[in-house]
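Residue-level structure breakdown
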Amino acid sequence: VNSVPLFFFPDVSWKVKANDRAYHQLPEFQKKVFLCFKKSRYSGNAIKTYKYNVLTFIPLNLFEQFKRAANLYFLALLILQVIPEISTLPWYTTLIPLVVVLGVTAIKDLVDDLARHRMDKEINNRKSEVLLNGRFQEAKWRDIQVGDVVRLKKNDFVPADILLLSSSNPNSLCYVETAELDGETNLKFKMGLRVTDERLQEERQLAEFDALIDCEEPNNRLDKFTGTMLWRRERYPLDLDNMLLRGCKVRNTEECHGLVIFAGADTKIMRNGGKTRFKRTKIDKLMNYMVYTIFVLLVLVAAGLAIGHTFWWEQIGSKAWYLFDGKDQDASYRGFLSFWGYLIVLNTMVPISLYVSVEIIRLGQSKFINWDLQMYFAEKDTPAKARTTTLNEQLGQIEYIFSDKTGTLTQNVMQFKKCTIAGRSYGNDRPPHHWNQYADRKFQFTDHALVSCVRSRKDKDAVEFFKLLSLCHTVMVEHKDGELVYQAASPDEGALVTAARNFGYVFLSRTQDSITIREADQEATYEMLALLDFNSDRKRMSIILRCPDGRVRLYCKGADTVIYERLSPNSRHKETTQAALDVFANETLRTLCLCYKDISDAEYNAWSRKHKEAQVTMVDRDAALDRVYEQIENNLMLIGATAIEDKLQDGVPETIAKLAKADIKIWVLTGDKKETAENIGYSCSLLTDDMQIHYGEDVNEKLRTRQENRRNEPLTQRPGRKKTAEPFFTTPGKNALIITGGWLNEILYEKKKKRRRLRLHRLGKRQIPSSPQDGQPMNDWEKEMRQIDFVDMACECEAVICCRVTPKQKANVVSLVKKYKKAVTLSIGDGANDVNMIKTADIGVGISGQEGMQAVMSSDYAFAQFRYLQRLLLVHGRWSYIRMCKFLRFFFFKNFAFTLVHFWYSFFSGYSSQVAYEDWFITLYNLFYSSLPVLLVGLLDQDVNDKLSLKFPKLYLPGQQGSLFNYKNFFISLFHGIFVSLIIFFIPYGAFLQTMGQDGEAPSDYQSFAVVTASSLIFTVNLQISLDTSYWTFVNCFAVLGSIAIYFGIMFDIHSAGIHVIFTSQFTFTGVASNALRQPYLWLTIILTVGISLLPVICIQFLHKTIWPSVGDKVQRNRRKYELELEEEERKRAPAFQRGRRSRRSAYAFSHSRGYADLIASGRSIRRRPPTRGGPQDSIREVPQTEAENI
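Residues numbered from 1 in each chain as written. Predicted model: local features only at pLDDT ≥ 70, side-chain atom pairs only at ≥ 80, totals over all residues. Heavy atoms only, no water.

By the naming in an unreviewed UniProt entry, the chain goes by Phospholipid-transporting ATPase and is assigned to Sphaeramia orbicularis. Per its UniProt entry, the chain bears the Cofactor (unreviewed entry) comment "Mg(2+)". As its UniProt record puts it under Sequence similarities (unreviewed entry), the chain is described as follows: "Belongs to the cation transport ATPase (P-type) (TC 3.A.3) family. Type IV subfamily." (UniProt positions renumbered as here; feature names shortened; annotations may be inferred.)

Encoded structure:
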């Protein structure tokens, strides 16, 4: 191994010494934590995701809760109520509700945090084998430290970021599954250095290992690692291929040894978590603003009444001898005290129970999502799960959905569907494969004609076709219990080799320089002369073989776009194959063209010399190899083409169509290739034939033109945005955008940003563009305008697909739309590469599917299939939004109606902050008397049932517009409350003015008046919520009647003589209720008050639904008719979705990254170890079925 000087790696400053824990505690590796306290810069391997511990729970939780304006306000009120000078209400009227609210929220936080504690504990206590004191001992993950040597067995999770030293496979090859990291479930291989592989197999050798590793600082780049190893005075280069990252799983490797480089919080997976953002709904923010508005109103009203008290005391109070209280206080001081008194009396305008009721409603709605059997996926026993309880109503306001492709829209299962051989297409009916003992029973391909053609061996093209599929690939094979198990770099490769196998061309084994296949009952071994690997620029792979009869032949397979350019003029069937390719592409199948070329020995020998030279060149080796490959891959003869189906999940096109009708725009953000993404766009009906598609270069040009026009504008118009920007697409019709990650960087000026910043930093100045035309922004304002232009343009389109984007770019696109469109966004994905996007969006949905659990762990909602998204949004989201809006409108109304009675009463009580009700009524009003019916509306109400919600997606629009709860609705509730409080105060006041009871007593005392107003209020409020209830159940009915019954029950108890005797000062309304409510006159007053309060509302509702009905009202009115239609539809069951017809270039069916060819050609994966080190171990059966998303 060549020695590598350290200056090759400028960013290395992380030192790790093998088997030396003390080294990492040296003073030079300490960092300051707080004041003079220091700790090691090397993180321990324990992870911590919880927020509280036993000591910090109460103080931290209270601190967080008092960040809420309302809680802080009630605490201040409580302090005011303790001051006897200004206390108009006893302290318990505020303390009891405040303690209940804080307690309920604290218990909810505690339960959430305990779940996090449990998860951390489970992960930190996993077991692993660590080399301590010269031998391997079992240790918990939390006890592993940087520099430890660990031993991993098959199917173990990797506990930290580890440098692979050796393994039981030949050449220290180790297979890992990275589903937790990047969502790809096909196996990756990692390799130990040759030097460690040869010298570090035994326990003793590992114990003596004392290398020093110099490498990069911990970072979040999953695709990069740079470092060197200094051992026995030699330096060896290290890269990502030598690293096993935390979160991977060891597969097909009996055991391997590694050195811990990064532990715990320093590992790449933990660094990639992104910041956990605290998500809040639009309604939450609105609610807080409304609470501030109420508070301002409250202060203004209290100030007005305080001024009134000052004047009243000067003119009347001070002159009335019977009001003398023995205090020597002037009018203005009394007014000042009255201000604070009124703040306390009117405090119920800001209802403390509002927040706790909202939490209960959200919890209930989350449970309904969890319990929904129609979102339960029986195949995998996966129910839907609301992992957060604070975002439900936001589900009813989504405007943009950002979806991953692989595993989210598609199933990640590849199937060989159709093929065309020598101009004839196959793939229509089901064949019998019982003639072939090697057939894979799961294989489904349908065509009898092809089977008989292959079996007869008369059709030379068919023979070559399947021979090519069985020879030209990079698949590895294992023999397990008499069965063949293929290890493919990509699921496409696996599907093609399996197809060849089922047609009798069975790939049996390979060595470094030969491939053995079984051709129709006899084995044949081909000598492999060269393997020309696939990469994303070449879009093809070739293999040069010496056949058993001595001929040299090149087989090639690749995308039609590159193959057709390299065909011989004599090649036949070009047009018929192209027509078949167009048909396959219409059906959104992934296609590959297959061709061959016979090569003379002389031509091969001449080319081979050039190939060897290119292989050892030190400068730009890849480009040199590509040039050599070009020289031999020409004059090819076309055999035919294959078509593979990347199956969509069930119900994806229908779901996308339904969401589009609800005015929800769907963007697909994927790491996959442009062609594949475009094809999937068509197959899931996101793209349609009548759409004009715009690509990156086109978009860039439009944006550049817009920018130049802006630069040429007079400066006076520059600052800020023009109110209405003219549209980018002036032609009528639908538009779609397909853009790659590279173009995205170019368009948003993200390219080479870092390098430019470093250069400028060194020069110590900011860069001024040489000319405004050099494609770079002149300043931050211009960059922001460019971003705004891009978002505007994308939002004009019906569909947007971004392909070849990194996880960070996915998150950036989401945040751009959030920032400039102020829209509510939802991200849905299934792999760890979607975590950042899921955390960035307002709502993150994880698909618990093939690709590990990282996405689900970071999500707010999780379920198993994309199609459940329509039910989550159009049913649960819409209902949650409607319920929450109705609940809030009514809650504000009932509190205004209740509190403002004090305001009217103050005009008759000298503005002296005297309360209009009994103290206990004020305490219990929001807790018992009026809370249950409105709570149940917030939990159970629905305007139309779930089936109609899905049938009419337009019902979703009010949520997007936010039209059911906004400042307009708030002020309507306020005026409704003012009106009701006026009626509730003045009708009983008029009735009490000149009245005489049946027994000659005048029930016109203050306490009887308090009982009558309170009773009228309870009836009005409970009947009003009955008018607003759309969906009646037994529980709603019970709640309304129960609330009224509880009111009377508690009131008669509180007014009883017994309780007055025990607590004389607290219960002063002795016998009032029984005395007042036996007067029919007062019952008539209550009935009149309630009637006049409700009559206008009934009239307005009737007129509204008759003259200006909403979509919901119309659906409700014809509900029975629509329900019958639905039943009829279900009986008929519509035919399957038909794909559109369109001719376009297809996606080619390659999805693995380059690299396997080097491995095969080097023979490192195939050569056996010398027998002294024990024979090869069997490895488990692995059938990768999922497509990689190369990022």
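Before going further, it helps to spend a moment on the overall build of the chain. Helices and strands together make up the secondary structure of the chain, namely 40 helices and 35 strands. Sorting the 1191 residues of the chain into buried and exposed places 56% on the buried side. Of the contacts made within the chain by residues no fewer than 6 positions apart, 75% connect residues no fewer than 24 positions apart. Of the accessible surface of the chain, which amounts to about 52,900 Å², a share of 56% is contributed by carbon and sulfur atoms. (Helix = DSSP H or I, 4+ residues; strand = E, 2+ residues; numbered from the N terminus. Buried < 20%, exposed > 50% of the residue type's maximum accessible area, 1.4 Å probe, protein only. Contact = heavy atoms within 4.5 Å. Areas by Shrake-Rupley, 256 points an atom, 1.4 Å probe, with all protein chains shown as cover.)

Residues Tyr 289, Tyr 292, Tyr 967, Phe 971 and Phe 975 make up a contiguous nonpolar surface patch of roughly 530 Å² in combined accessible area. Contributions of two or more residues to the nonpolar patch are made by helix 8 (282-315) and helix 32 (967-993). Tallying contributions element by element places helix 32 first for the nonpolar patch, with three residues. Its location among the elements puts Tyr 967 in helix 32. (Patch = residues over 30% accessible without salt bridge, like charges linked within 9 Å, V, L, I, M, F, W, Y side chains within 5 Å. Salt bridge = Lys/Arg side-chain N within 4 Å of Asp/Glu carboxyl O.)

A separate point is the sheet that holds strand 19 (residues 424-426). One open sheet holds the nine strands; their spatial order is 19-18-28-27-26-25-24-23-22, and the pairing between them is antiparallel. Both edges of this open sheet fall to strand 19 and strand 22 (505-510), since each of them pairs with a single strand only. If you compare each strand with its neighbour and ignore which way they point, the axes differ by 30° on average. As defined by bridge partners, strand 22 adjoins strand 23 (residues 514-519) across five bridges and the pair is classed as antiparallel. Considered in strand 23, the bridge of Phe 507 is made with Ile 517. The sheet strands contacting helix 13 (residues 491-502) are strand 18 (410-421), strand 22, strand 25 (540-546), strand 26 (552-558), strand 27 (590-599) and strand 28 (637-648), and the helix crosses strand 18 at an angle near 45°. (Pairing = 2+ DSSP bridges. Axes fitted to C-alpha atoms, helices over the stretch in contact; angles between N-to-C directions.)

Quick look at a positive patch on the surface now. Taken together, the side chains of Lys 121, Lys 127, Lys 140 and Arg 142 define a basic patch exposed on the protein surface. You can see Lys 140 is positioned in strand 5 (residues 135-140). Residue classification places Lys 140 among the partly exposed residues on the basis of a relative accessible area of 33%. (Lys, Arg positive; Asp, Glu negative; His and termini not counted. Charge placed at Lys NZ, Arg CZ, Asp CG, Glu CD.)

What follows concerns the layout of surface pockets. Roughly 1,500 Å³ of volume is contained in the second largest pocket. Lining the second largest pocket are 41 residues, and of these Arg 889, Leu 964, Asn 969, Gln 1101 and His 1104 lie nearest its centre. If you list the elements that add at least two residues to the lining of the second largest pocket, you get helix 27 (868-906), helix 31 (957-961), helix 32, helix 33 (1006-1028), helix 37 (1080-1107) and helix 38 (1111-1117). Among the elements that line the lining of the second largest pocket, the one with the most residues is helix 27, at seven residues. Of the residues belonging to the lining of the second largest pocket, the class tally is 17 nonpolar, 15 polar and nine charged. (1 Å grid on protein atoms, 1.4 Å probe; cavity = no way out; pocket = protein on both sides within 12 Å on 5 of 7 lines; lining within 4 Å. Points joined across faces, edges and corners; volume = space filled by probe spheres on them. Nonpolar A, V, L, I, M, F, W, Y, C, P; charged D, E, K, R; others polar.)

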